[in-house]
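# What the coordinates show
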Amino acid sequence: MRYLLNDIEIDLKLGYVIKLGVKHSVRAKTLQVLAYLIEHDQEVVTKQSLLDTIWYDVVVQEQVLVQSIKEIRDLLGAEVIKTHPRQGYRWVADITPLTRLNSLLLFKQSKVVKNLSWVSVVFSIIFICILAWRYQLLDKANLSVAFLPVENAMPDNQHQWVPLQGMDYLTQALSKQSSLTVIDSDHLLYGFERLSQSSTLMLSEGEIVPLRQKLGAELIVQTRLTGFPQDFQLHYTLFFPHGVERGVELASSVTGAYDKLVERIATRYGEFQPNRRVNYHSDFSNEAFVTGIEHYLKQDYASAIPLLMTALNLEPELLAARRYLAASYANTDELGSAFSLLQQNIIEAEKVSDNREALRAYLMIGYLKINWPVSSDRKQELLSAEQYINQAQQLARKVVDKLFIAYSYEELGKIKRLQGRYSEASRLLNLALEYHQEFHGSYGQTAALIELAKVAAEQKEEDESQRYLAHALNIAETNDAPANQIWVLLAKAELARRQHNELLAKRWARQAMEVAEHNDNPHLITRVNAWFEHKPVYTVN
């Protein structure tokens, strides 16, 4: 059956879509999902019925359906399918069955488009050449790289450590053996948590762009390990802003394959330094830790906690495991346990001079005291939070970590706002903005802008408050960052609620829910629902 959707021709029998004269093939399963939704036009089709109908012969996770829905929206437009939370999907677009006469007219139009497109082709070739020339002139030392977790496709049960340990090994090796800027594993996992809701640690190609925007990485490296012992294959995909490159490395050992990929990237982009071999120690060799993180990233904290506790029993010096365990407790409202673990991490980190773990622990404790009040003496609680944040900032300055300096300014600004010291709050938040503006892209500025809006609102400067929020929302939309869009919209809702304008507050909150539902992101939907239920919308990351 063939249909016409505006100027787009859909052929469900042959499995293609013609859009602006260009034919696009549709994956078989995605085509079946599309056909099923069109067949049940205007009905709410449950996710389970789609899974049972399309994937009846295999056991799959819900993410495969989410990916197909995303592919349909990317091809036909975001508005063709409406998401009904906790129910399913509904096809809402008007489409017309395509008759032979319609087809002939569409064919003639497409020929006109193709004839006109020759000029566009010439200009496109020139543009591509200019792009390639500019890329060759790129300062290679400034190229930033991020490794995704390695996909484990080994046909055995002996390589469950591959995803996170492989990512960590590649990250450390390239950082040590080249002049490239390499995004560390913790930053990558933070970005992954906010962007991916899959049941594994893999990202779809559609999630690469927002991850690049979040991390500021020009090169994203996706890898897949397969083969057999003594005959390993490491398939890799290099995602650049201007294109994609694929290849494979062969080796008799897993680390040998990793080393070959590191050498290839470093030689090509960052002056390979083979004498500076990495003395590798992985935080991710502990299988319980790896599995615990997988549950944590899916916000399944109840499952993550016992696994992370097991990891700590096996390796008490594994500070990252204690940090993730503390975050899991905090996200389940067990703040006493979270504080105890983080304070222990400060002690252990100072023993081994692990400045980064100490820095994170100081910042997390301050963050918890600010956003989850537990003391009847709020004034003293904020002073305690300020002490921890100041210690985090001192340490961040010592190790010259500008991102965490910016974070500390944001939290200190929030404390001053809560204390009613608005001029100090504005000064600190503007310092945070200055640091964020040094980074690639503008993604990180939204939190400080939201806080500045709250400061202005509490001083009855409504126009100034709305200006900050409009700027923050523009940044979030420009960077296609749904989480940040939601935080801005919820800030608008919260300010309206404080002004006792519940109608306007709910309107902003509903817009936030639309963003969360459109992205099929359970974590963000939960956060918006928390606002409606008058609960804290914050989580610890």
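It should be noted that the structure appears before, not after, this text.
Attention in this report is confined to the structure presented alongside it. (Residues numbered from 1 in each chain as written. Predicted model: local features only at pLDDT ≥ 70, side-chain atom pairs only at ≥ 80, totals over all residues. Heavy atoms only, no water.)

## Examining helix α3 (residues 63-76)
- Between the first and last C-alpha of α3 there are 20 Å, a value that for 14 residues agrees with the 20 Å anticipated at 1.5 Å per step.
- With 10 of 14 residues buried, α3 is to be regarded as a mostly interior element.
- Within the span of α3, buried status applies to Q63, L65, V66, Q67, S68, I69, I72, R73, L75 and L76.
- Backbone geometry just after α3 places G77 at a positive phi near 115°. (Helix = DSSP H or I, 4+ residues; strand = E, 2+ residues; numbered from the N terminus. Expected span 1.5 Å × (residues − 1). Buried < 20%, exposed > 50% of the residue type's maximum accessible area, 1.4 Å probe, protein only.)

## Things to note about the sheet that holds strand β3 (residues 16-19)
- Pairing within the open sheet is antiparallel, and its 5 strands lie in the order β4-β3-β2-β1-β8. In this open sheet, the two strands that pair with only one neighbour each are β4 (22-25) and β8 (96-97).
- Bridging between strand β2 (residues 8-11) and β3 involves 3 bridges; their strand directions are antiparallel. Residue pairing in the sheet places D11 in a bridge with Y16 of β3. (Pairing = 2+ DSSP bridges.)

## Section: unusual backbone geometry
- Although it is not a glycine, N6 adopts a positive phi angle of roughly 55°.
- Within the secondary structure layout, N6 lies in the loop between β1 (2-5) and β2.
- Overall, the relative accessible area of 62% leaves N6 in the exposed class.
- Look at H534: it is not a glycine, yet its phi comes out positive at around 60°.

## Focus on the pairing of β4
- In terms of strand pairing, β3 meets β4 through 4 bridges, oriented antiparallel. Bridging from a neighbouring strand, I18 pairs with K23 of β4.
- Here β3 hands over to β4 after 2 residues, with L20 in that stretch at a positive phi of 55°.

## Considerations on a negative patch on the surface
- A cluster of acidic side chains, namely E39, D41, E43 and D94, defines a negative patch on the protein surface.
- Tracing the sequence through the fold places D41 in the loop between α1 (28-39) and β5 (45-46). (Patch = residues over 30% accessible without salt bridge, like charges linked within 9 Å, V, L, I, M, F, W, Y side chains within 5 Å. Areas by Shrake-Rupley, 256 points an atom, 1.4 Å probe, with all protein chains shown as cover. Salt bridge = Lys/Arg side-chain N within 4 Å of Asp/Glu carboxyl O. Lys, Arg positive; Asp, Glu negative; His and termini not counted. Charge placed at Lys NZ, Arg CZ, Asp CG, Glu CD.)

## Here's the deal with the environment of K260
- Mapped onto the fold, K260 is located in helix α8 (residues 254-269).
- The exposure class of K260 is partly exposed, given its relative accessible area of 41%.
- For the pair K260 and V248, spaced 12 residues apart in sequence, the C-alpha to C-alpha distance is 9.8 Å.
- In this structure, K260 is in contact with E249, L250 and A251, ignoring residues within four places of it in sequence. (Contact = heavy atoms within 4.5 Å.)

## Some details on the sheet that holds strand β7 (residues 88-91)
- Here we have 3 strands laid out as an open sheet, ordered β5-β7-β6, and antiparallel in their pairing. Both outer strands of the open sheet, β5 and β6 (81-84), are each paired with one neighbouring strand and no more.
- Pairing geometry for β5 and β7, over 2 bridges, is antiparallel. From the neighbouring strand, V45 faces β7, where its bridge partner is Y89.
- Running at roughly 70° to β7, α1 makes contact with β5, β6 and β7 of the sheet.
- Each of β6 and β7 is contacted by α3, which is oriented at about 25° to β7, the strand it contacts most. (Axes fitted to C-alpha atoms, helices over the stretch in contact; angles between N-to-C directions.)

## Some words on helix α13 (residues 355-371)
- Taking 1.5 Å of rise per residue, the 17 residues of α13 would be expected to cover 24 Å, and the 24 Å separating its terminal C-alpha atoms lies within 8% of that figure.
- Counting buried residues along α13, 15 of its 17 residues qualify, which places the element largely inside the surrounding structure.

Read these as geometric descriptors, not functional statements.
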